[in-house]
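Reading the structure
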Amino acid sequence: MTFRLVYRFGCLLLGWPRLLARSSAAKDVEILLLRHQLAVLQRSSPGPAFTRGDRAVLAALLRLLSKRHRSSLKLLVTPRTVLRWHARLVAKKWTYPHRGPGRPAKPEE
């Protein structure tokens, strides 16, 4: 038990220089992202329910973070989920009207 506590404290101490070396903008984006996730969790009682606006905010903030910082965050959604949201959005925008099979009917004259 004591060894575990010492180990955790040592990890925290060694993690601080890494945090201090990060830019202020990266820290601000991470704080905004985590606050937004917290707001989504507080708003929904059974589980996280993301609205369109929530999805847009999360996607925009995740894009501002570097890949290394994204991988170290504990997020409610995986990067695959964000890509799926984007694919659905593109699919809705670029759908064409469906036509029946075969040749169109000739006008009757």
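Everything below is about the structure printed above this text.
Quick look at the structure, then.

1. Points about the nonpolar core
Among soluble globular proteins, nonpolar side chains are generally buried collectively. Val29, Leu33, Val40, Phe50, Leu58, Leu61, Leu62, Leu65, Leu73, Val77, Val82 and Trp85 form the largest nonpolar core, which has twelve residues in total. When residues of this core are traced back to their parent elements, those giving at least two are helix H2 (24–43), helix H3 (52–64) and helix H5 (79–93). With residues up to four places along the chain from it excluded, the contact list for phenylalanine 50 reads Val40, Arg55, Leu58, Leu76, Val77 and Trp85.

2. Some words on a positive patch on the surface
On the surface, a cluster of positive charge is contributed by Arg52, Arg55, Arg80, Arg84, Arg88 and Lys92. No other element matches the four residues that H5 contributes to the positive patch. For arginine 84, the position within the fold is in helix H5. Classification of arginine 84 as partly exposed rests on a relative accessible area of 37%.

3. What to know about the packing of H3 against H5
Where H3 meets H5, the axes come as close as 11 Å, and the angle between the chain directions of the two elements is 120 degrees. It follows that H3 is oblique to H5 by the angle criterion. The crossing of H3 and H5 is left-handed. In this structure, H3 uses Arg52, Arg55, Leu58, Ala59 and Leu62 to contact H5, whose residues at the interface are Val82, Trp85 and Lys92. Looking at the contact of H3 with H5, its residues break down into five nonpolar, no polar and three charged.

Quick notes on the rules
Residues numbered from 1 in each chain as written. Predicted model: local features only at pLDDT ≥ 70, side-chain atom pairs only at ≥ 80, totals over all residues. Heavy atoms only, no water. Core = buried A, V, L, I, M, F, W, Y, C linked by side-chain atoms within 4.5 Å. Buried < 20%, exposed > 50% of the residue type's maximum accessible area, 1.4 Å probe, protein only. Helix = DSSP H or I, 4+ residues; strand = E, 2+ residues; numbered from the N terminus. Contact = heavy atoms within 4.5 Å. Patch = residues over 30% accessible without salt bridge, like charges linked within 9 Å, V, L, I, M, F, W, Y side chains within 5 Å. Areas by Shrake-Rupley, 256 points an atom, 1.4 Å probe, with all protein chains shown as cover. Salt bridge = Lys/Arg side-chain N within 4 Å of Asp/Glu carboxyl O. Lys, Arg positive; Asp, Glu negative; His and termini not counted. Charge placed at Lys NZ, Arg CZ, Asp CG, Glu CD. Axes fitted to C-alpha atoms, helices over the stretch in contact; angles between N-to-C directions. Parallel < 35°, antiparallel > 145°, perpendicular 65-115°, else oblique. Left-handed = near helix turned anticlockwise from the far one by under 90°. Nonpolar A, V, L, I, M, F, W, Y, C, P; charged D, E, K, R; others polar.

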